[in-house]
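Each chain is listed here by its residues.
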Amino acid sequence: MRQETRSTCPYCGVGCGVIIESQGTQITGVRGDPDHPANFGRLCSKGSTLHLTATPMVLQTRRLLQPALRAVRGTAAEAVGWTQANTHIAERLAAIRAEHGPDAIGFYISGQLLTEDYHAFNKLARALIGTNNIDSNSRLCMSSAVVGYKQSLGADAPPACYEDLEQSDCLFIAGANPAWAHPILFRRIEDARLKRPQMKIIVVDPRRTESAEFADLHLQIQPGSDVALFQGLLHACIWEGWIDQGFIAAHTEGFAELKALVRAMTPAAAARICGIQEADLLQAAQWFAQSPASLSLYCMGLNQSTSGTAKNTALINLHLATGQIGRPGAGPFSLTGQPNAMGGRETGGMATLLPGHRDPANAAHRAEIARLWQVDALPETPGKTAIELFEAAARGEIRALWIACTNPAQSLPDQALVRRALERCELVILQEAFADTATAAYADVLLPAATWGEKEGTVTNSERRISRVRAAVPPPGSARADWEIVRDVAQLLEKRLGAPRRFGYERPEQLWLEHREATRGRDLDITGLSYGLLDSAGPQQWPFPEGAGAGQARLYQDRRFATPDGRARFISQPFKPARERPDAKHPFVLSTGRLRDQWHGMSRSGVVPRLFGHEGTPLLRMNPQDMPRRGLKDGDLVRVRSARGALTLPLLGDAAIAPAQAYVAMSWGQEFVSGRDSEGSEGQVLLGINAITQPAFCPDSRQPELKFAAVDIQRLELPWRLSAAVWDEQAGAALRALLGELDYGHCVPVAGPEGRQGWSFEGASASPLLPALIERFAAALGLRGASVLRYADTRRGRARLLKLDDGGQTLHGLLRVGEAGEGAWLQALWREAAAVAPHGRRLLAPEAGPAQDLAPRSPQVCNCFDVSEARIRGQLAQCAGADPAERLRALQGALRCGTQCGSCLPALRRLVDATPCELTA
């Protein structure tokens, strides 16, 4: 029977409501929930394809379905039952604790866990094992925003809400690209701008992003110079008299010290440091200070920095100095990266937090949670944060690591150190839904976890809104909810340690009620909420104390802040450049960011071939002006090297990147791109983008500087190329296993015509490929037997294997080996599932091209409706009229592009501006 279940999207922190369609045990579709106040029915390209992450093929080939133990590292894990797996974990943890103490055990968890899961892990670590060594991958995401709010306003509480997007007169976006990273919020910004064209939008970003293109003013600052910019803006506001003296006197402290600090940071000095025009800085200051309501949106560009907290507080200083806080349309609004990073902060699921926004360094706070959890005391020793946790493991201090719902062997910086840490640990437990993450290869124990559509609980989004997550289908195989896995191990540990029974939970609501009690009397008090109210009235914002009739949309409207005296604090931190500086050996600054249609390390979104349609090749982007002087051109393979490691990538010139800078998407881990590091130690395998990034972190927030690395970029001579492709959804694992056999390789799933799904592999080598390696690729592709068409020239290092589909009409699979570009047209023949008959003998003739023109595949612009750039340009050429808005509407009416999730709208506007009309009205 067909069913519909209301739930929440598991991707970004916008917290969109979804309606899951299911039939029996199978999720069959998803659409936006029109009644959810975060999205009102809209979904981005990732959210609208969520059901494709739960297809029968994904469940069979990509999901972790049974517990497994690995007796020896490097060998295959053997499936076991839950009893054996849990007993093994409990015995090993108890033994390590007895021999080395509780602080030899660490937990690394995730902002994608539900609040109930977070609570279970936190209680296990602190109340049973007795360690504060529990941290979350939110450390890579939101910890600078957390500390910034606490230092300035007294509590980790975003004061604004999504409705403020419609009420702001000046929108100041810094270090964020919501057009791609938070697309549903960007749709609201576009709608607000359409209704109120007088709204000013300022974007601060070293790249000219899609968000920057939409802005009235783009401040294209030098990477890492944000504090100088914000202090220059404040200097201008003070000098011009654009500050709110009454607000400062009545509601803040520390302004005199800050005023003295920014005296030397004149607009001219700040503009020089930032690499922008002084006039643009002054214009931004005027709009921000003098607009009736100014709202700032900020994210990883501020947070992922050795000055991350200083950047956050410097921006909040601007709001306090101009009184732009605590009223509709105004305030500092951090955009959350992960779906439940806020819930993790609320439950204290980080080394530097305790439940209810408490501080583990505060004895009274520890005592309050100890009473709630009915233990004598909580541990006092400060816990290790993410980078510190893995550094300690690499030194041998952390003996056991329990990792849940995250992939540190892809996402953490300095991957060489991360791998050393995982290898040195005596026990690595990985609790995960997907079986083929990079971290899985290092796990001694693999625990199958339930995921989206299969579990119950709650999450909190960027605007402090708590939503219910509901199960539409049971978990596949033996997978279990994360909190259940924790509970079962905890109960075994309680017996071994002689501890009273404190993990008797039978349903997730029991954990949530315990968490709710931890918020009583705190700034995030939710004692007035219940599962029943969330189910009947829908998502609610905190605070929502007992007796309240509704949550609070905006904080600090009474001008009283969450500090002991009710006054906000101006924080005076001098500008400091990034920890790592470019030099003669590493002259470029590399930054990382998002792919439009992918999520983080692609553990989930990477199972959907459609989501690779917009950008299916890992690319290093740099300014075209920098390329000729280094002998580089588009398509070259380059080695990107930092002080920590290297990666080989194809190069693309991109004018959106400033000179002396480079950019690559954060998503490309070893699972998708790799190769041999011939210049590294013992020719080791390249480890993805985070082999290059640096682990240096902000001293206050402990958040690493993932946005800034000094690198060298050199062209590689890799003349021998291998291209492989097959329409077989199950071929990915075998192909990915060969990534490290070449000097460069990338492997991605592909969506083709008529619902076909397969895999594509591109590789390169400095020397001709050995026949044995070619045969391994042929086996991975299933290109064996008499039905395979073959051509080989061992003297020239060429080979070509082609397999036709059952009807002999199109290519089912192919393998090409030879010089760069040789036979490349066959890839288009396969990708488009075009007829092979017209090409005859040319299929195996190495020097021959196609018998008829095969147009190269036009880039995909609209993922929702698979609309290519070529179709859009063709349609625009026929659109009469000169008004860009009219042409865009006509384009959308004809092709539907940009009418569903809207993520492609920035690209559509560019094409409208760049494509002339061939017809006139």
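Residues numbered from 1 in each chain as written. Predicted model: local features only at pLDDT ≥ 70, side-chain atom pairs only at ≥ 80, totals over all residues. Heavy atoms only, no water.

J.: Where do I start with the environment of F575 in this structure?
T.: By secondary structure assignment, the location of F575 is in the loop between strand 20 (568-569) and strand 21 (588-593). Residue class for F575 comes out partly exposed when judged on its relative accessible area of 23%. Residues within four places of F575 in sequence aside, it is in contact with G224, S225, V227, A228, Q231, M265 and I273. (Helix = DSSP H or I, 4+ residues; strand = E, 2+ residues; numbered from the N terminus. Buried < 20%, exposed > 50% of the residue type's maximum accessible area, 1.4 Å probe, protein only. Contact = heavy atoms within 4.5 Å.)

J.: What exactly am I supposed to notice about the layout of surface pockets here?
T.: Rolled over the atoms, a probe sized like a water molecule indicates the empty space that remains. For the largest pocket, the calculated volume is near 1,400 Å³. Within the residue set of the lining of the largest pocket, elements represented by two or more residues are strand 24 (646-653), strand 28 (720-726), strand 29 (744-751), strand 30 (757-765), strand 33 (811-819) and helix 26 (825-831). Taken together, the residues that form the lining of the largest pocket break down as 23 nonpolar, 14 polar and 10 charged. (1 Å grid on protein atoms, 1.4 Å probe; cavity = no way out; pocket = protein on both sides within 12 Å on 5 of 7 lines; lining within 4 Å. Points joined across faces, edges and corners; volume = space filled by probe spheres on them. Nonpolar A, V, L, I, M, F, W, Y, C, P; charged D, E, K, R; others polar.)

J.: How do you make sense of the packing of helix 3 (residues 115-129) against helix 21 (residues 482-497) when you look at a structure like this?
T.: Each pair of packed helices can be summarised by the angle the axes make with each other and by the distance between the axes. Their axes nearest at 8 Å, the elements helix 3 and helix 21 cross at an angle of 15 degrees. The pairing of helix 3 with helix 21 is recorded here as roughly parallel in orientation. Along this stretch, helix 3 crosses helix 21, giving a crossing that reads as left-handed. Contacts between helix 3 and helix 21 involve E116, D117, A120, F121, L124, L128 and I129 from the former and D482, W483, V486, A490, L493, E494 and L497 from the latter. Residue composition of the contact of helix 3 with helix 21, grouped by class: 10 nonpolar, no polar and 4 charged. (Axes fitted to C-alpha atoms, helices over the stretch in contact; angles between N-to-C directions. Parallel < 35°, antiparallel > 145°, perpendicular 65-115°, else oblique. Left-handed = near helix turned anticlockwise from the far one by under 90°.)

J.: Any chance you could explain the pattern of salt bridges here in plain terms?
T.: Tallying each qualifying case throughout the model produces 61 salt bridges. Notably, a salt bridge pairs R468 with D535, separated by 3.0 Å at the nearest N-O pair. Of this pair, R468 sits in strand 18 (residues 465-469) while D535 sits in helix 23 (residues 531-537), and the two are 67 residues apart along the sequence. Here D535 falls in the partly exposed class, since its relative accessible area comes to 40%. In this structure, D743 and R676 form a salt bridge, with 3.4 Å as the shortest nitrogen-oxygen distance. Of this pair, D743 sits in the loop between helix 24 (732-736) and strand 29 while R676 sits in the loop between strand 26 (673-674) and strand 27 (709-715), and the two are 67 residues apart along the sequence. For D743, a relative accessible area of 8% gives the class buried. Given a relative accessible area of 28%, R676 falls into the partly exposed group. Look at the salt bridges and you will find they share partners, linking R2, E4, E21 and R31 into a network. (Salt bridge = Lys/Arg side-chain N within 4 Å of Asp/Glu carboxyl O.)

J.: Mind showing me how you'd approach the sheet that holds strand 21 here?
T.: Two modes of strand pairing occur in sheets, parallel and antiparallel, and in both the strands are linked by backbone hydrogen bonds. Judged by pairing direction, the barrel is mixed, and its 6 strands sit side by side in the order 21-25-22-24-23-27 before closing back on the first. The average angle at which neighbouring strand axes cross in this sheet is 45 degrees, direction not considered. Bridge count between strand 22 (residues 620-622) and strand 24: 3 bridges; the pairing is parallel. From the neighbouring strand, M622 faces strand 24, where its bridge partner is G653. (Pairing = 2+ DSSP bridges.)

J.: Even after reading the chapter, I still don't get the environment of R676, so can you show me in this structure?
T.: Separated by 67 residues in the primary sequence, R676 and D743 have C-alpha atoms spaced 4.6 Å apart. With near-sequence residues (within four places) excluded, R676 lies in contact with R639, Q684, L686, G740, E741, L742, D743 and S765. Within the local environment of R676, its side chain forms a polar contact with the backbone oxygen of E741, the two atoms lying 2.5 Å apart. (Polar contact = N/O pair within 3.5 Å; in protein donor to acceptor, adjacent residues only side chain to side chain.)

J.: Explanation requested: the environment of A656 in the structure shown.
T.: Relative to the assigned elements, A656 resides in the loop between strand 24 and strand 25 (661-665). Its relative accessible area of 19% is what places A656 among the buried residues. When near neighbours in sequence (up to four residues on either side) are disregarded, A656 contacts P206, R207, R208 and Q220.

J.: Explanation requested: the sheet that holds strand 7 (residues 134-136) in the structure shown.
T.: Read across the open sheet, the 7 strands follow the order 5-4-16-15-14-6-7; overall the sheet is mixed. Each end of this open sheet is capped by a strand with a single partner; those strands are strand 5 (78-79) and strand 7. The pairing of strand 15 (residues 427-432) with strand 16 (residues 445-448) spans 4 bridges and is parallel. Within strand 16, the residue paired with E432 across the bridge is P448. Sheet strands touched by helix 21: strand 14 (400-404), strand 15 and strand 16. Its angle to strand 15, the strand with the most contacts, is close to 145 degrees.

J.: Help me out: how do you make sense of the packing of helix 9 (residues 226-240) against helix 12 (residues 267-274) in this one?
T.: The geometry of helix 9 relative to helix 12 is characterised by a closest axis approach of 8 Å and an angle of 160 degrees between their N-to-C directions. Here helix 9 is positioned roughly antiparallel relative to helix 12, judged by the angle of their axes. Pair helix 9 / helix 12 crosses with left-handed handedness. Of the residues in helix 12, those touching helix 9 at A228, L229, G232, H235 and A236 are P267, A270, I273 and C274.

J.: Would you mind going over the side chain of R465 with me for this structure?
T.: When you line up the elements, R465 lands in strand 18. One polar contact links R465 to Q541, side chain to side chain, over a distance of 3.0 Å. Not counting residues up to four positions away in its chain, the partners in contact with R465 are H36, P37, V459, T460, P539, Q540 and Q541.

J.: Sorry if this is basic, but what is going on with helix 4 (residues 143-153) here?
T.: In an α-helix, one full turn covers 3.6 residues, which means residues spaced three or four apart are oriented alike. When you tally the buried positions in helix 4, you get 9 out of 11 residues, the bulk of the element. Turning to helix 4, its buried residues number three or more, namely S143, S144, A145, V146, V147, G148, Y149, S152 and L153. Looking at the buried side of helix 4, the elements it contacts are strand 12 (294-298), helix 14 (300-303), helix 15 (308-322), strand 13 (331-334), helix 16 (341-347) and strand 20. Residue G154 follows helix 4 closely and has a positive phi angle near 100 degrees.

J.: Explain the nonpolar core here, please?
T.: Inside soluble globular proteins, nonpolar side chains tend to come together where they are buried. I201, L297, I872 and L908 are the most contacted members of the largest nonpolar core, which totals 65 residues. Setting aside residues up to four positions removed in sequence, I872 forms contacts with V861, V867, L891, L895, C897, L908 and L911. Of all hydrophobic cores here, the second largest spans 63 residues; its members include A228, L233, A270 and L315. (Core = buried A, V, L, I, M, F, W, Y, C linked by side-chain atoms within 4.5 Å.)

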